[in-house]
Amino acid sequence: MPGVLWLAFRSVVNDPKRSVLYVLTLALLVAVIAAPMAVANAYSRQLLTSIPGITSERAIIVNSSYTPGTAFIDYSITEKLRAMGFKDQVPQLLVYARVEKDNRSTSVFIRGIEDLGSFYRARGIRVNGSGAEDFPDVNVGVLLARRLGVGLGDVIRVSAGGQVWDLSVTGIIDCSCPFDDEVLMGLNELWKLRPDLENKLTLIEVVPKDGVDLEALKSMEVKMLFEKPFRKAASTAISETFQSIKSWTIPLYAVILAAAYFASSKISAESEGEVEVLRCIGASRGTAFRFVFSKSMLILGFAILLGLSLGTVSAQVAFRAISTTLSTNFYEAPSLTPRDVVQVVLLTLVSSVAGAIYPAYRASVRKLGEEAWLSTHL
Amino acid sequence: MALYASLISFRRLIPVFLTLLAVSAAIAFTASTFMGAYRTAVGLMGTGSSDVLLIYGASARAPQTSVVPLSLYEKLRGIDGVEAISPEAVSIAMIGDEVVVVRGIDPSVFPEISGIRLVAGSLSLDGSASALIGENLARKMRLGVGDTVLLRSAFSDAFLEVKVVGVFRSGSYLDDELLVPLYAGQWLRGLPRDAVSLIRVKIDPGKLGKEELASLLRSGRPVSGKASPQPESELMRLLTIPRARRFSMNYAVRSPEESMRSFLERQVKVNEVAVWSAVATVISGSILLVYLTSSTMIVSHSREISVLRGLGASRRNLVTRSAILAVFSSLITGVIGFFAGLALSNLFSDIGLIRVGPYSVRPVFDVYSLAMTLIAVASVSAVAAAAAVESIIRGDYLGG
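Being a predicted model, the structure only gives us computed values, none of them experimental.

A separate point is the overall build of chain B. When helices and strands are counted, chain B shows 13 helices and 14 strands. In terms of overall dimensions, chain B is more spread out than a globule: its C-alpha atoms have a radius of gyration of 29 Å, far above the 21 Å expected for 400 residues. Summarising its shape, the C-alpha atoms of chain B cover approximately 100 × 45 × 30 Å along the three principal directions. Expressed as a percentage of its 400 residues, the buried residues of chain B come to 53%.

A word on the domain arrangement of chain B. Residue and element names in this part refer to chain B. Once the domains are mapped, chain B shows domain 1 (2-43 + 271-394) and domain 2 (51-254). Facing the six residues of domain 1 at the interface are eight residues of domain 2. Among the residues forming the side of domain 1 that touches domain 2, the class breakdown is two nonpolar, four polar and no charged.

In this assembly, 61 residues from chain A lie in contact with 62 residues from chain B. Every element with two or more residues in the side of chain A that touches chain B is listed here: α2 (16-50), β3 (87-101), β4 (104-113), α5 (142-148), α8 (230-249), α9 (252-270) and α11 (285-326) of chain A. No other element matches α8 of chain A, which puts ten residues into the side of chain A that touches chain B.

In terms of nonpolar packing, the biggest core is built from 242 residues, with L26, L29, V30, V255 and A259 of chain A together with I55 and I199 of chain B touching the most fellow members. Counting residues per element, this core draws most heavily on α2 of chain A, which supplies 19 residues. Beyond its immediate stretch of four places on either side in the chain, L29 of chain A contacts L252, V255, I256, A259 and G307 of chain A together with G285, S286 and L289 of chain B.

Scored by pLDDT, chain A comes out at a mean of 83, with 92% of its residues at no less than 70. Considering each helix and strand of chain A separately, the mean pLDDT is smallest for helix α7 (residues 214-219) of chain A, with a value of 76, and largest for strand β9 (residues 183-186) of chain A, with 92.

All names here are of chain B. The interhelical angle for the contact between helix α10 (residues 272-299) and helix α13 (residues 367-394), taken along N-to-C directions, is 35 degrees, at an axis separation of 8 Å. Judged by the twist between their axes, the crossing of α10 over α13 is right-handed. Mapping the contact onto sequence places V279, I283, I287, V290, Y291, S294, S295, I298 and V299 in α10 and S369, M372, A376, V377, V380, S381, A384, A385, A387, A388, V389 and I392 in α13. Here the contact of α10 with α13 is built from residues that sort into 17 nonpolar, four polar and no charged.

What follows deals with the domain arrangement of chain A. Here chain A is partitioned into domain 1 (2-52 + 233-365) and domain 2 (59-227). Centre-to-centre separation of domain 1 of chain A and domain 2 of chain A, based on C-alpha positions: 59 Å.

Residue and element names in this part refer to chain B. Turning to its location among the elements, L143 is positioned in the loop between α5 (135-141) and β7 (148-153). Once the C-alpha coordinates of L143 and S9 are considered, the two residues, 134 residues apart in sequence, prove to be 56 Å apart. Those residues within four positions of L143 in sequence are excluded, and the remaining contacts are I133, A138, V149 and V164.

Attention now goes to unusual backbone geometry. Residues and elements named next belong to chain A. You will see that N199, though not glycine, has its phi angle at about 65 degrees, which is positive. Tracing the backbone shows N199 in the loop between α6 (187-193) and β10 (200-201). Here N199 falls in the exposed class, since 12 other C-beta atoms lie within 10 Å of it. The phi dihedral of E221 is positive, around 60 degrees, even though this residue is not glycine.

On to the packing of α9 of chain A against α10 of chain B. The N-to-C vectors of α9 of chain A and α10 of chain B enclose an angle of 45 degrees; their axes lie 10 Å apart at closest approach. Judged on the interaxial angle alone, α10 of chain B and α9 of chain A are oblique. Here α9 of chain A runs over α10 of chain B; the crossing is left-handed. Together, V255, A258, A259, F262 and K266 of chain A of α9 of chain A and S286, L289, L292, T293 and T296 of chain B of α10 of chain B make up the contact between the two elements.

In low-pLDDT segments, the atomic positions of the prediction should not be examined closely. All names here are of chain B. Of all residues in chain B, 92% have pLDDT values of 70 or greater, and the mean over the chain is 84. Taken element by element, the predicted model of chain B shows its lowest mean pLDDT in helix α1 (residues 2-6) (64) and its highest in strand β9 (residues 177-181) (94). Among the prediction metrics, the complex's ipTM stands at 0.77, with pTM recorded as 0.81.

As a further point, take the environment of W276 of chain B. All names here are of chain B. With respect to the helices and strands, W276 occurs in helix α10. We classify W276 as partly exposed; it has 19 C-beta atoms within 10 Å. For the pair W276 and V52, spaced 224 residues apart in sequence, the C-alpha to C-alpha distance is 29 Å.

On to the pairing of strand β6 (residues 130-134) of chain B. Residues and elements named next belong to chain B. The element β6 is extensively covered by neighbouring structure, given that five of its five residues are classed as buried. Of the two faces of β6, the one carrying S130, L132 and G134 and the one carrying A131 and I133 are both buried. Direction of pairing for β6 relative to strand β8 (residues 159-169): parallel, over a ladder of five bridges. Across the sheet, S130 pairs through a bridge with K163, a residue of β8. Bridging between β6 and β9 involves two bridges; their strand directions are antiparallel. Looking at β9, one finds that I133 is bridged to L178.

Procedures and definitions
- Residues numbered from 1 in each chain as written.
- Chains lettered and ligands numbered in written order.
- Predicted model: local features only at pLDDT ≥ 70, side-chain atom pairs only at ≥ 80, totals over all residues.
- Helix = DSSP H or I, 4+ residues; strand = E, 2+ residues; numbered from the N terminus.
- Rg over C-alpha atoms; globule rule 2.2 N^0.38 Å.
- Buried ≥ 20, exposed ≤ 12 C-beta atoms within 10 Å, placed from the backbone.
- Domains from an automatic or database assignment.
- Contact = placed C-beta atoms within 7 Å.
- Nonpolar A, V, L, I, M, F, W, Y, C, P; charged D, E, K, R; others polar.
- Core = buried A, V, L, I, M, F, W, Y, C linked by C-beta atoms within 7 Å.
- pLDDT = per-residue confidence, 0-100.
- Axes fitted to C-alpha atoms, helices over the stretch in contact; angles between N-to-C directions.
- Left-handed = near helix turned anticlockwise from the far one by under 90°.
- Parallel < 35°, antiparallel > 145°, perpendicular 65-115°, else oblique.
- Pairing = 2+ DSSP bridges.

Structure representation (structure tokens):
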């Protein structure tokens, strides 16, 4: 095989004009794939670098198979979390309910929170009136109060889980947050209203410590979701957008396949004389096939190298110009990741081998001395 | 020509046709995908109606990231020619690991101004625990009426559990969004109750123009042009704050498309030229292949051409007929390839492979890209065919 490869290499370099044409044909197509990928990588990195570091110190812990309204966690888990180092836990139960006042009604969440007063203080939530620690006292959000015309001391009728309760409004909350449109009460009081959900929680707000053992959480069948996941949301949106450019390259490999087929057909036709000489001096058909196939693969190898370089360099020139106009402080040079290189090389190889095999096979099975076979035949 | 055509072996031309088809499809796929992505981005605030304008902060990077005071709503109610006012709070939230654009709206105005149509459930947003979901998003997230989701705001510490009460279709970017009441959008965006992202207004073009509206907002004077102000919606009555802050700021008044085009040009440095550059890159990259293919098509008939030459056919005649054959072949394969590329682009869009952030891209059929594809492939083919005939006549292919 090395001998055949050497012969193929000599044959390729001995006909530089045609070889360069084939190499360029394939290399340009590889460059068309590589250049946008390199630009997409640079743009993506540049945007990720410029994302402001908005983070939250809080997270919520929910059932790992979280289906809102149906998947609960057991209250006993709070002890385990405390033992794991989670501080400032706020266990909460959310119950979807119908709330009525006079002839007006709406559907809202009733949120049961453990130690409601401390929670308000910790969050700096203003309450017009007093808290709601004892049954049947509740606090309502300002928007819900306006919607139903509820005032301090009013009684609202709440229906959920097939039961109906009359609850007394002792405070109105105004926090520009989701509580503005909810009914809030103590966790124990909500359990009294819904005994079927006793010791059940919808979620626990926590301040996570560093180095949380996520496996331990998984074994407890819960998962932790950070609040304010801005960075994650931004990076997901950016990667989805730039992944589209990589998806766009997929059909282009069909063009590479076609190019490889044509280049190989031409190569096999032009190698007719060499194949005949090889066969005349006793080379098998397999050797003839390997000779023609090696020539195609050598051309392809040069094309991949040239195409990747051409693509990256042209991407750098174009992106430098764009970045100058963007006046960015986060310039990132376009480049291909090792994964991109492997992907381009592998897919190009697969396309090209698929395109080169048949012409090489035809060249090897051609009968010796067949005059009719023109070098230009497909 | 009939004799010439009878000498052509169409079996030998199959690989040629397939290659030209693949090249045309690749060019069309690129054009429809990139143009689709660009038009999707440009149309992100549009409603398809020419009498709808966006009002947002002039210094904001994009309408979606702007913050304007809700007191502007009061001012707009009094302007003659303003027919509908839709304040909106645009936010980003996560449902599990998926990014979703959540738009806080006034449900009594937004359906009319945006042209959304109900597919399932109801359009009634009854409280912060309810949401309307766009058709594409519902399909992507496998959500339907009655399902509940937990929204984690990307901008604030708010997390919100909402129940899907309706699925809608708009034929626009809204099909990839989740709609919630305005105040829920404010919580998720981290805005106070007296601020929104932008205000969309429907105007009567006969009474009020864009420039006139911009000038009225710039003047800062109280407006007294309307005999009876636009009625305040139920939701806006909830949000009204007696002593709402009055910000002094400059507003941009633009059509939705104009505002997004301006954002893309100023901030992202992307315009239609950039899109066509991508198409031109694919065309340039394929030129040698088209050349090689078309010359192969002619060279594979070198014997026939040599015979015709021997029988007295003129050089000009052979070159012309070969070029016509090449152009004809490329036009046929070009048109088929163009529609194949468009179909492929639609397929990629449908399975979610081509997206602009959380939005699906709708591929664009562009007559210019069809013309560009055909001209590029046909002209290169014609040149290649002519050159191949010349070389055959010169005797480059004699004797195999």
